[in-house]
Amino acid sequence: LQHNFKLLRKDRTRHRGGGVCAFIANDLKVIAVDIPLNFVHVELLCFDLFVQDTNYRFICCYRPPYYDIVAKDYVTDLISCLNLLVNVEYTVLITGDLNLPDVDWDCFSAPSDTIQQPLARFIQAEGFMQYVNEHTRRNKTLDILLCNDPLIISECFTGPPIAKSDHDTVCFKVLL
């Protein structure tokens, strides 16, 4: 595995275990994007993929499933960090688990709370579309594939969990 892929990872800093990672085929040209130090606690990694003369930005993120005051501050920081990272002139894809169980992705509606509604508003305001339309954990769609270019995602489907995960995998094809 290590000979066929580059591994980008952002380990969880405050608790044991967790974090986000991306395995990228060695034959693809990618550059990791630095996350500003004031967002070091946000579980997020970012990289740019270069294909011929076109750039694509990938963001992998995780939001813990809490809804307290700490979670509200985390969402504020997550949105601020994402605002910085999506401010590029090329296609952006965001993947991960945002733990937004009550967002209706078909009409971009969310409960009037301090977690789900601000994230749903950000996603809509930035022109992203959600491509995961199947449940990924029990009867909820917690995992997301967001893209601001509606023409490059050709397929998106779920598969069985990997190892001991309690989430289904999300598989997708990107037309580069």
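Predicted model, so just to flag it, every value in this text is computed and none were measured.

Criteria and thresholds
- Residue numbers run consecutively from 1 along every chain, following the written order of its sequence.
- Confidence filtering applies because this is a predicted model: local features only for residues at pLDDT of at least 70, side-chain atom pairs given and counted only at 80 or more, and all residues used for totals across whole chains, interfaces and linings.
- Each side-chain value is worked out from all heavy atoms of the structure, with water and hydrogens disregarded.
- Under the DSSP-based scheme used, a helix requires at least four consecutive residues in state H or I and a strand at least two consecutive residues in state E, with every element numbered from the N terminus.
- Based on C-alpha atoms, the radius of gyration is set beside the globule rule, defined as 2.2 Å times the residue count to the power 0.38.
- Should any heavy atoms of two residues lie within 4.5 Å, those residues are considered in contact.
- Only the protein chains shown count as covering a residue, and every accessible area follows the Shrake-Rupley method with a 1.4 Å probe.
- None of His or the chain ends enter the tally, which takes Lys and Arg as positive and Asp and Glu as negative.
- Charge coordinates come from a single atom per side chain, which is NZ of Lys, CZ of Arg, CG of Asp or CD of Glu.
- For each residue, the accessible area found with a 1.4 Å probe, counting protein chains only, is set against the maximum for its type, and the residue is called buried under 20%, exposed over 50%, and partly exposed in between.
- Pairs of strands are assigned from DSSP output, requiring at least two bridges between the strands.
- Every axis in this analysis is a line fitted to C-alpha atoms, fitted for helices over the stretch in contact. Angles between the N-to-C directions lie between 0 and 180 degrees.
- The cut-offs work like this: below 35 degrees is roughly parallel, past 145 is roughly antiparallel, 65 to 115 is roughly perpendicular, and the gaps in between are oblique.
- Under this grouping Gly is polar, as are all residues other than the nonpolar Ala, Val, Leu, Ile, Met, Phe, Trp, Tyr, Cys and Pro and the charged Asp, Glu, Lys and Arg.
- Salt bridge criterion: a side-chain nitrogen from Lys or Arg within 4 Å of a carboxyl oxygen from Asp or Glu.
- Only buried residues count toward a nonpolar core, which is a set of Ala, Val, Leu, Ile, Met, Phe, Trp, Tyr and Cys residues joined through side-chain atoms within 4.5 Å.

Undergrad: Got a minute to help me understand the overall build of the protein in this structure?
TA: Of regular secondary structure, the protein possesses two helices and 10 strands. Compactness check: the protein gives a C-alpha radius of gyration of 16 Å against a globular reference of 16 Å for 176 residues, within 12% of the reference. Overall, the protein is about 45 × 35 × 35 Å in size when its C-alpha atoms are taken along their principal axes. Across the protein, the fraction of contacts at a sequence separation of at least 24, relative to all contacts at a separation of at least 6, is 50%. Carbon and sulfur atoms form 52% of the exposed surface of the protein, whose accessible area is close to 10,200 Å². The distance from the centre of the 16 positive side-chain charges to the centre of the 22 negative ones in the protein is 7 Å.

Undergrad: Can you help me understand the environment of G96 in this one?
TA: By the secondary structure assignment, G96 is in strand β6 (residues 91-97). Look at G96 and you get partly exposed, because its relative accessible area is 22%. Here G96 is in contact with C61, L142, D143 and I144, once residues within four sequence places are set aside.

Undergrad: What am I meant to see in the sheet that holds strand β3 (residues 29-32) here?
TA: Strands pair in a sheet through their backbones, by hydrogen bonds, and they do so in one of two ways: parallel or antiparallel. Strand order across the open sheet formed by six strands is β3-β4-β5-β6-β8-β7, with mixed pairing between neighbours. Bordering the open sheet on either side are β3 and β7 (129-130), each of which pairs with just one other strand. Two strands pair when backbone bridges link them, and strand β4 (residues 44-51) and strand β5 (residues 54-62) are joined in this way by eight bridges, in the antiparallel orientation. Across the sheet, F47 pairs through a bridge with F58, a residue of β5.

Undergrad: Would you explain the packing of helix α1 (residues 69-86) against helix α2 (residues 116-125) in this entry?
TA: For any two helices packed against each other, the geometry is given by the interaxial angle and the distance between the axes. Closest axis-to-axis distance for the α1/α2 pair is 10 Å, and the angle between their directions is 10 degrees. The pairing of α1 with α2 is recorded here as roughly parallel in orientation. Across the interface between the two elements, V75, L78, I79, L82, N83 and V86 of α1 pack against P118, L119 and F122 of α2. A class-by-class count of the residues in the contact of α1 with α2 yields eight nonpolar, one polar and no charged.

Undergrad: Is there a simple way to think about the pattern of salt bridges in this case?
TA: Applying the stated criterion across every chain yields a total of six salt bridges. With its nearest N and O atoms 2.8 Å apart, the salt bridge here joins R137 to D166. Here D166 lies in the loop between β9 (153-159) and β10 (169-174) and R137 lies in the loop between β7 and β8 (143-147), a separation of 29 residues in the sequence. We note a salt bridge from K173 to E155, for which the minimum N-O separation is 3.2 Å. Here the residue K173 occupies a position in strand β10, and E155 occupies one in strand β9, the gap between them amounting to 18 residues. Since its relative accessible area comes to 45%, K173 is described here as partly exposed.

Undergrad: Could you clarify how one ought to interpret unusual backbone geometry in this entry?
TA: The phi torsion of most residues other than glycine is negative, and most of the peptide bonds are trans. Of note, the phi angle at Q52 is positive, near 55 degrees, even though the residue is not glycine. Tracing the chain through its elements places Q52 in the loop between β4 and β5. Classification of Q52 as exposed rests on a relative accessible area of 80%. Located in the positive-phi region is F108, a residue other than glycine, with phi close to 50 degrees. The topology assignment puts F108 in the loop between β6 and α2.

Undergrad: Please explain the environment of K164 as it appears in this structure.
TA: Take K164: it is sitting in the loop between β9 and β10. As a C-alpha pair, K164 and I123 span 41 residues in sequence and 30 Å in three-dimensional space.

Undergrad: What should I look at first to understand the nonpolar core in this one?
TA: Generally speaking, nonpolar side chains in soluble globular proteins are found buried as a group. Ranked by size, the top nonpolar core spans 30 residues in total, and within it L44, I59, L78, I94, W105 and I123 carry the most contacts. Only β4, β5, α1, β6, α2 and β8 provide two or more residues apiece to this core. A per-element tally of this core places α1 first, with nine residues. Aside from chain neighbours lying at most four places away, what touches I94 is I59, C61, L82, V86, F128, I144, L145 and L146. One finds L49, Y62, L93 and V132 within the second-largest nonpolar core, a separate group that totals 21 residues.

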